[in-house]
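# Structural features, examined
Residues per chain are reported as follows:
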Amino acid sequence: MARLSKKKVETSNRTGANLGFEAQLWQTANTLRGTMDAAEYKHVVLGLIFLKFISDAFEEQRARLIAEQDQGADPEDPDEYRAVNVFWVPAEARWKNIRDNAKQPSIGEIVDKAMEAVERDNPSLKGVLPKDYARPNLDKQRLGRLIDLISAIGLGESENRSKDVLGRVYEYFLGQFASAEGKKGGEFYTPRCIVQLLVEMLEPYKGRVYDPCCGSGGMFVQSVKFLEAHSTGNGNGGRAKSAISIYGQESNFTTWRLARMNLAIRGIEGKIECGDSFHNDLHPDLKADFILANPPFNLKDWGGELLREDKRWKYGIPPANNANFAWVQHMIYHLAPTGVAGFVLANGSMSSNTSGEGEIRKNIIEADLVDCMVALPGQLFYSTQIPACLWFLARDKKNNRFRDRRGEVLFIDARKMGRMVDRVHRELTDEDIKKIAGTYHAWRGEKDAGEYHDIPGFCKSATLEEIRQQGYVLTPGRYVGAEVLEDEDEEFDQKMARLVAQLREQQAEAAKLDAAIARNLEELGYG
């Protein structure tokens, strides 16, 4: 197969839902799936992409070391690779060996041994890579053709790495697998536009970033991308890679593996643990500067009855049949004294009064922790049609970074935003994200963010007293009011006369249609 052209790679530098290069690759790869379930197939594909990437990066560094041997470089020293954030790839795991044996009946065993060798020589990947390519139900001819397909793109070459080609392919495939798997897939993948909005609003320049239900690690990837995009200004001193420390936890083992791979292909280091954040909190002493999360909505079987006396429930004991406010309080517990959190929850969290949820929400509001609420448009998620919102919490609203916002909450109604990217999915555009984040930044009083103004139908800065009057309901629609329509030049009497005339015309047309239908029915013998 011919290598995809440089032009095609360069002109597809988007990571939303409609792409060129990534979409073409996905379509071809998906045809090789056969009858295999998407949940299984994703590990087959993503594992091979990962192996191709680290092998390409290794070969590039190896060629450089060979060229510098007269200066003392040693191409056989694994530390020469690790020093520049490149994984050491042993001979049996290098992509050339995989590609050359793609048509062999034993290709599954060859790939498995390659994965085992990579894990053996790179302890940080231990237990992360898929190693079941030899299983009988994986068609070896299809596997060979998939290897040929992946061989056609230079995923690890420096030019492509600088454009994050592998990252874009990996991220796009994660999204497509989530869509193919439906509800189950949404557990490991949060749509990119939601992650981007959270990151753009919270601006994690430096400090500890935490996600207690990290899925495939999208929050961390976007946080690092944000840092890199702003690495020359905004006060972070250009320390894009070292300015943040990453902490995460994921209860699903296979999803945890995806997260580790997702970070590894981008050279992102982080302490990502596998375990249940409620019952086995593996970061018990962490106080994070930024928390970004998309917890599973309305989780019923979370074992809440076993945690009735937990120290995290400072604002009330969450109901045993719904984990929404357990997640909220878990995140509050892990916030640093000046920390901020942004997370996704079902809309019911803004107004529910069942099982003590209203009292918990009231206590959180009265503690002045709620900074901003955003109502989202529908159809953004692969996993659910449940309407969702964004919560933003701040431990200290009077800190020195922004203006004193004590006693105030910003409400943003973004339900009319976004565009449909296919028949069932919507995404927020870059312009939407900029408008929402910019409004929040202006309201917080950030430098160069402009002056904040309430906009009827879109945003409103409300006081705690106004929220009390609304019964502690946090639904933005209650506060932003109706959109102001542009004034019309037409006088009222003229407008009414025109509308009445239009109504009469429509009634006359309706009468004609009724008569025509009656005639047709009569001709058919049903008159």
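Residues numbered from 1 in each chain as written. Predicted model: local features only at pLDDT ≥ 70, side-chain atom pairs only at ≥ 80, totals over all residues. Heavy atoms only, no water.

## Let's talk about unusual backbone geometry
- Backbone geometry at Asn-298 places phi at a positive 50°, although glycine is not the residue there.
- The topology assignment puts Asn-298 in the loop between strand S4 (288-293) and helix H13 (324-333).
- Phi is positive for Asp-448, which is not a glycine, with a value near 65°.
- On the secondary structure map, Asp-448 appears in the loop between helix H15 (430-444) and strand S11 (459-463).
- Since its relative accessible area comes to 76%, Asp-448 is described here as exposed. (Helix = DSSP H or I, 4+ residues; strand = E, 2+ residues; numbered from the N terminus. Buried < 20%, exposed > 50% of the residue type's maximum accessible area, 1.4 Å probe, protein only.)

## Thoughts on the pairing of strand S6 (residues 370-375)
- Among the 6 residues in S6, 6 count as buried, and that is most of the element.
- Pairing geometry for S6 and strand S7 (residues 388-394), over 5 bridges, is antiparallel. Residue pairing in the sheet places Val-374 in a bridge with Leu-390 of S7.
- One ladder, built from 4 bridges, connects S6 with strand S8 (residues 408-413); its direction is parallel. Pairing of Met-373 across the sheet is with Phe-411, part of S8. (Pairing = 2+ DSSP bridges.)

## Observations concerning the nonpolar core
- If you look at the biggest cluster of nonpolar residues, it comprises 113 residues, and the most contacted ones within it are Leu-146, Phe-173, Ile-194 and Val-374.
- If you tally residues by element for this core, the top one is helix H3 (residues 38-67), at 14 residues.
- Excluding residues that lie within four positions of it along the chain, Phe-173 makes contacts with Glu-22, Leu-25, Trp-26, Ala-29, Val-45, Leu-46 and Ile-49.
- Of all hydrophobic cores here, the second largest spans 41 residues; its members include Val-328, Ala-341, Ile-364 and Leu-369. (Core = buried A, V, L, I, M, F, W, Y, C linked by side-chain atoms within 4.5 Å. Contact = heavy atoms within 4.5 Å.)

## Section: a nonpolar patch on the surface
- On the surface, a nonpolar cluster with roughly 360 Å² of combined accessible area is contributed by Phe-492, Met-496, Leu-499 and Val-500.
- As for its placement among the helices and strands, Met-496 is situated in helix H18 (residues 492-523).
- Judged by relative accessible area, which is 37%, Met-496 ranks as partly exposed. (Patch = residues over 30% accessible without salt bridge, like charges linked within 9 Å, V, L, I, M, F, W, Y side chains within 5 Å. Areas by Shrake-Rupley, 256 points an atom, 1.4 Å probe, with all protein chains shown as cover. Salt bridge = Lys/Arg side-chain N within 4 Å of Asp/Glu carboxyl O.)

## Some words on the packing of aromatic side chains
- Under the definition given, this model contains 16 aromatic pairs.
- Ring centres of Phe-58 and Trp-88 lie 5.3 Å apart, and the angle between their planes is 85°; this geometry places the pair in the edge-to-face category. Of this pair, Phe-58 sits in helix H3 while Trp-88 sits in the loop between helix H4 (78-82) and helix H5 (95-100), and the two are 30 residues apart along the sequence.
- Residue class for Phe-58 comes out buried when judged on its relative accessible area of 0%.
- Between Phe-278 and Trp-327 the ring centres are 4.3 Å apart and the planes differ by 45°, which places this aromatic pair in the tilted class. In this pair, Phe-278 sits in the loop between strand S3 (271-274) and S4 while Trp-327 sits in helix H13, placing the two residues 49 residues apart along the sequence. (Phe/Tyr/Trp six-rings, centres within 6.5 Å; stacked < 30°, edge-to-face > 60°.)

## So, the confidence of the model for the protein chain
- Considering every residue of the protein chain, the mean pLDDT works out to 86; 87% of them sit at 70 or more.
- Low pLDDT (under 50) marks residues 1-19, which in the prediction has 42 contacts with non-local residues, meaning those over four places away or in another chain.
- Counted against residues more than four places away or in other chains, residues 233-240, with its pLDDT under 50, gives 12 contacts. (pLDDT = per-residue confidence, 0-100.)

## Quick word on the side chain of Glu-446
- Tracing the backbone through its elements, the reader meets Glu-446 in the loop between H15 and S11.
- We classify Glu-446 as buried; its relative accessible area is 12%.
- Among all residues touching Glu-446, those that are not within four sequence positions of it are Glu-203, Phe-402 and His-441.

## Remarks on the pairing of S7
- In terms of burial, S7 is largely enclosed, as 7 of its 7 residues are buried.
- Neither face of S7 is open: one carries Ala-388, Leu-390, Phe-392 and Ala-394, the other Cys-389, Trp-391 and Leu-393, and all of them are buried.
- As paired elements, strand S5 (residues 335-346) and S7 share 7 bridges and run antiparallel to each other. Across the sheet, Leu-345 pairs through a bridge with Cys-389, a residue of S7.

## Quick word on the packing of H3 against helix H12 (residues 253-264)
- Interhelical geometry of H3 versus H12 gives an angle of 25° and a closest axis separation of 11 Å. For the element pair H3 / H12, the angle class is roughly parallel. In this structure, the crossing between H3 and H12 has a hand that is left-handed. In this structure, H3 contributes Lys-42, His-43, Leu-46, Gly-47 and Phe-50 to the contact, and H12 contributes Thr-254, Leu-258, Met-261 and Ala-264.
- Of the residues in the contact of H3 with H12, the class split is 5 nonpolar, 3 polar and 1 charged. (Axes fitted to C-alpha atoms, helices over the stretch in contact; angles between N-to-C directions. Parallel < 35°, antiparallel > 145°, perpendicular 65-115°, else oblique. Left-handed = near helix turned anticlockwise from the far one by under 90°. Nonpolar A, V, L, I, M, F, W, Y, C, P; charged D, E, K, R; others polar.)

## Concerning the packing of helix H10 (residues 192-202) against helix H11 (residues 218-229)
- Remark: H10 packs on H11, axes separated minimally by 9 Å, with the N-to-C direction vectors making an angle of 50°. Relative to H11, H10 is oriented oblique. H10 and H11 meet at a crossing whose hand is right-handed. Two secondary-structure elements touch here, H10 through Arg-192, Val-195, Gln-196, Leu-198, Val-199 and Glu-200 and H11 through Gly-218, Met-219, Gln-222, Ser-223 and Phe-226.

## So, the sheet that holds S3
- The mixed open sheet is built from 9 strands, whose spatial order is S3-S2-S1-S4-S5-S7-S6-S8-S11. On the outer flanks of this sheet lie S3 and S11, each paired with one strand and no other. Across this sheet, the average inter-strand angle for adjacent strands is 15°, counted without regard to direction.
- As defined by bridge partners, strand S2 (residues 244-250) adjoins S3 across 4 bridges and the pair is classed as parallel. Opposite Glu-250, over in S3, you have Cys-274 as the bridge partner.
- Across the sheet, H12 lies against S2 and S3, angled at about 165° from S3, the strand it touches most.

## Side note on the state of the cysteines
- Enumeration over the complete set of coordinates arrives at 0 disulfides.
- Cysteine Cys-214 shares no disulfide, and the gap to the nearest cysteine sulfur, in Cys-213, comes to 7.9 Å.
- By relative accessible area, Cys-214 is classed as buried at 5%.
- Looking at the unpaired Cys-459, the closest cysteine sulfur is the one in Cys-372, lying at 9.5 Å. (Disulfide = S-S within 2.5 Å.)

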